Amino acid sequence: MEDNQGVSQIRNSFAGANILLTGGTGFLGKVLIEKLLRCCPELNKIYLLVRKKKNKDPQTRLKEQFDDVLYETLHKDQPAFIKKVEILEGEMDSENLGLTDQDWLTVCDKVNFVLHGAATVRFDETLNKAVRINTRGTKEMLKLARCCKYLEAFVYISTAYCNLPQQPIEEKFYDFPLTSDLLIDVVERLDSKTVDDITPGLIGMYPNTYCYTKAAAENHLLKHSQGLPVAILRPSVVISTAKGPIPLGWIDNIYGPTGICVGASVGIIRLIKCNPDAVADFVPADFVANACIAVAWKTARDHKKTSERTLEDHSEGPKDVETKADQIPRVYNYVSGNQNPLTFRNFMNYAHTHGFTMAPSKAVWCYMLFLINNALLFRTLNILLHWIPAYVCDGVAVMIGKKPMLKNVYSKIDKWIHFNEIFASQTWKMRNSNTLELFKELNETDQHIFDFDISALDWNSYMYNYMMGIRLFLIKEPKETIPRGITKQYLLIIANYIVMTIYAIALFWFVKLLGGGVLKLMYKVFS
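Everything quoted here is computed from the prediction, not taken from an experiment.

1. Side note on the overall build of the protein chain
Part 1 of the argument: From N to C terminus, the protein chain includes 18 helices and 11 strands.
Part 2 of the argument: For a compact globule of 527 residues, the expected C-alpha radius of gyration is about 24 Å, and the protein chain comes in at 26 Å, within 12% of that figure.
Part 3 of the argument: Each principal axis of the C-alpha distribution contributes one length, and for the protein chain these read about 100 × 55 × 45 Å.
Part 4 of the argument: Put simply, the protein chain has 527 residues, and 52% of those count as buried.
Part 5 of the argument: Summing over all exposed atoms, the protein chain offers an accessible surface of approximately 25000 Å²; the carbon and sulfur share of this is 58%.
Part 6 of the argument: Across the protein chain, 60 positive and 56 negative side-chain charges occur, with their mean positions spaced 9 Å apart.

2. With respect to the side chain of R61
Part 1 of the argument: Along the polypeptide, R61 turns up in helix α3 (residues 58-66).
Part 2 of the argument: E89 provides the closest opposite charge to the buried, unpaired R61, separated from it by 4.0 Å.
Part 3 of the argument: There is a polar contact of 2.6 Å between the side chain of R61 and the backbone oxygen of R51.
Part 4 of the argument: The residues contacting R61, other than those within four sequence positions of it, are V50, R51, K52, K53, K56, I87 and E89.

3. A closer look at the environment of G355
Part 1 of the argument: By secondary structure assignment, the location of G355 is in helix α12 (residues 344-357).
Part 2 of the argument: Along the sequence, G355 and Y367 sit 12 residues apart, while their C-alpha atoms lie 8.8 Å from each other.
Part 3 of the argument: Not counting the four nearest positions on each side in its chain, G355 is found in contact with Y350 and M467.

4. Some remarks on the pairing of strand β2 (residues 45-50)
Part 1 of the argument: Most of β2 is tucked away: 6 of the 6 residues are buried.
Part 2 of the argument: For strand β1 (residues 18-22) and β2, the ladder comprises 5 bridges, and the chain directions are parallel. Each residue of the ladder has a partner; that of T22, found in β2, is L49.
Part 3 of the argument: Assessed by its sense of winding, the connection that carries the chain from β1 through helix α2 (residues 27-39) to β2 is right-handed.
Part 4 of the argument: In the sheet, β2 pairs with strand β3 (residues 85-89) via 5 bridges, with the strands oriented parallel. Following the sheet pairing, V50 is matched in β3 by E89.

5. Digging into the sheet that holds strand β6 (residues 230-235)
Part 1 of the argument: If you walk across this open sheet you meet the 7 strands as β3-β2-β1-β4-β5-β6-β10, and the pairing is parallel. Looking at the sheet topology across the chains shown, the edges are occupied by β3 and β10 (330-334). Direction aside, the axes of adjacent strands within the sheet are offset by 20° on average.
Part 2 of the argument: Packed onto the sheet, helix α5 (residues 101-110) meets β1, β2 and β3 and runs at close to 135° relative to β3.

6. Side note on the UniProt feature "domain: Thioester reductase (TE)" (unreviewed entry) in the protein chain
Part 1 of the argument: UniProt's entry tags residues 21-291 with the feature "domain: Thioester reductase (TE)" (unreviewed entry), counted in the numbering of this structure.
Part 2 of the argument: As annotated, residues 21-291 has a helix share of 42% and a strand share of 14%, and its two end C-alpha atoms lie 15 Å apart.

7. A look at helix α10 (residues 257-265)
Part 1 of the argument: With 9 of its 9 residues buried, α10 lies for the most part within the structure.
Part 2 of the argument: Of all the positions in α10, only P257, T258, G259, I260, C261, V262, G263, A264 and S265 are classed as buried.
Part 3 of the argument: Residues of α10 that are buried sit in contact with β7 (237-239), β8 (271-273), β9 (282-284), α12, α14 (406-424) and α17 (459-474).
Part 4 of the argument: Where α10 ends, the next residue or the one after it, G267, has phi of about 85°, a positive value.

8. Describing the packing of aromatic side chains
Part 1 of the argument: Taken as a whole, this structure holds 21 aromatic pairs when the rule is applied.
Part 2 of the argument: Judged by centre distance (5.9 Å) and plane angle (85°), the ring pair of F282 and F344 falls under edge-to-face. Highlighted residues: F282 in strand β9 and F344 in helix α12, separated in sequence by 62 residues. Neither residue differs from the other here; F282 and F344 are each classed as buried.
Part 3 of the argument: With a centroid separation of 5.7 Å and an interplanar angle of 85°, the aromatic rings of W459 and Y462 are classed as edge-to-face. One end of the pair is W459 and the other is Y462, both in helix α17 and 3 residues apart, which spans about a single turn.
Part 4 of the argument: Here the aromatic residues F282, F344, F347, W459, Y462 and Y466 are joined through ring pairs into a cluster of three or more.

9. Comments concerning the state of the cysteines
Part 1 of the argument: Tallying each qualifying case throughout the model produces 0 disulfides.
Part 2 of the argument: A disulfide-free cysteine, C366 has its sulfur positioned 13 Å from the sulfur of C393, the nearest such atom.
Part 3 of the argument: Residue C366 is classed as buried on the basis of its relative accessible area, which comes to 3%.

10. A short note on the packing of α10 against α17
Part 1 of the argument: Running from N to C, α10 and α17 point in directions that differ by 75°, and their axes come no closer than 11 Å. Judged by the inter-axis angle, α10 sits roughly perpendicular to α17. Contacts from P257, T258, C261, V262 and S265 in α10 reach Y466, M467, I470 and L474 in α17.
Part 2 of the argument: Partitioning the contact of α10 with α17 into residue classes produces 7 nonpolar, 2 polar and no charged.

Cut-offs applied
- Along each chain, residue indices are assigned from 1 in the same order as the chain's sequence is written.
- Where totals are concerned, whole chains, interfaces and linings use all residues; where local detail is concerned, this predicted model gives features only for residues with pLDDT of at least 70, and gives and counts side-chain atom pairs only at 80 or more.
- No hydrogens and no water enter the side-chain calculation; it runs on all heavy atoms of the structure.
- In DSSP terms, a helix is any run of H or I states spanning at least four residues, a strand is any run of E spanning at least two, and both are numbered starting from the N terminus.
- The atom set for the radius of gyration is the C-alpha atoms, and the globule formula is 2.2 Å times the number of residues raised to the power 0.38.
- In this scheme, a residue with accessible area under 20% of its type's maximum is buried, one over 50% is exposed, and one in between is partly exposed, where area comes from a 1.4 Å probe on protein chains only.
- Using a 1.4 Å probe, accessible areas were evaluated by the Shrake-Rupley method; residue-level cover was limited to the displayed protein chains.
- The convention is simple: Lys and Arg are positive, Asp and Glu are negative, and His and the chain ends are not counted.
- Where a charge lies is defined by one atom per residue type, namely NZ (Lys), CZ (Arg), CG (Asp) and CD (Glu).
- Throughout this description, the term salt bridge denotes a Lys or Arg side-chain nitrogen within 4 Å of a carboxyl oxygen of Asp or Glu.
- Polar contacts, as counted here, are pairs of nitrogen or oxygen atoms within 3.5 Å of one another; within protein the pair requires one atom able to donate a hydrogen and one able to accept it, and residues that are adjacent in sequence qualify only if both atoms are side-chain atoms.
- Residue contacts are counted whenever heavy atoms from the two residues lie within 4.5 Å of one another.
- We call two strands paired when DSSP finds no fewer than two bridges between them.
- We call a crossover right-handed when, viewed with both strands directed away from the observer, the connection leading from the first strand over the helix to the second proceeds clockwise.
- Interaxial angles span 0 to 180 degrees and are taken between N-to-C directions of axes, which are lines fitted to C-alpha atoms, for helices over the stretch in contact.
- UniProt positions are given in the numbering used here, feature names are shortened, and annotations may be inferred rather than shown by experiment.
- Stacked, tilted and edge-to-face are the three classes assigned to paired rings of Phe, Tyr and Trp, where Trp is represented by its six-membered ring and a pair needs centres within 6.5 Å; plane angles under 30 degrees give stacked, over 60 edge-to-face, the rest tilted.
- Two cysteine sulfurs form a disulfide in these notes if their separation is within 2.5 Å.
- Angles below 35 degrees are treated as roughly parallel, those above 145 as roughly antiparallel, those between 65 and 115 as roughly perpendicular, and all remaining angles as oblique.
- Each residue gets one of three labels, nonpolar for Ala, Val, Leu, Ile, Met, Phe, Trp, Tyr, Cys and Pro, charged for Asp, Glu, Lys and Arg, and polar for the others, Gly among them.

Below you can see the structure in the form of structure tokens.
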């Protein structure tokens, strides 16, 4: 730990620096941009690599992004902060990232830190597209980083689940079935249909193309990053912010557990397939952003020390020492399960408790969510609680001249449950000693400003803010409608009891009649 506890070592390391950030228009990227600008005000420039859009110029796109409530504090304290952000239009799946020659040279001549978080995060993405963006895109990013004259750190934001076949998951590299280069070559040489046909055989034990191609990207960094200051951050499931910059949990997407909470809040999702006692390894977005910044700081610091030591040793003659070329990128698993475990049962209990106190007035039915681990029971209840009501409601909608919607909704829900089942089926053990050591290396000032100590997080308080953030930012309901939402929730609960009673009676008579018909048929056949 540094001697001067009152000075932010991280802030000083970013003073005057230029940063290249990918994934800056995504959820975590937005949080990372806000944190860098607010807490490292002396940084010089953030370059955002984003996809081209024909109908919007870069400045319009910047204004739209920074109009979000996430950036309110920045607008207040640093009104001119937008001047520090510049868009570089490009494509992750293109050669040289689709950058113009001038933009490529700008990055090479000016950038000190590269934070690479861009990816397609869809679990059902085609392997062709996932490889081009997640794996080949990382290859192009590393090629660009190697051209940077003043590179201090390259941080790749991976996922804690990219090596899911392993148990426990250590902070190290694992063998990949193919080399990244061979995988890229296979995808580029074959047509899309052939790639789709061989996808199951290629990904093998990996749960989806996302995890598989992120693992391939890590393989590329291991094989081709020699001599560069590279590190890998592997967060688990990233959900809403915990501490800042606004008091309530900010979130702008419905991925993962957030989708469950939204669906359950409005009464659409009534059960999910998961092990209630398994650990739900969730981490707040702002903690992940802080960890990413700290990893960049440490990587730059260690790279500088290694460079100085190498120069000293070379000046004294050949020695058996580790040089920059010998270093393997350090891996940081950023997870909650080790220090502050939260089970799916407790997570949903918190969601239910706090969600009821701020029930949305847009709810179509009351909150009712079952966590089912048994496959047969889940399939049965899925038909009874999701699909039969869906067909009934869609049938009524057609009769009154409206567009049926619930069948499509539950098709998507079933698909989501299928792809996420592996993550919720058991407790995945992940080691995080490098991350724990990193936090200890920060001085007291940086531990406060760039806090990512997951052990100190109070899940109960966090879940209150999380559910309020879902209500405000995703369901789009202001606090003023809470009394109306609670009143409606009570009415829906009463309606649910009535409907479920009628439903149960009707189901009983249907089974009875069906059973009687079957018995008569059996009697005729065997008599």
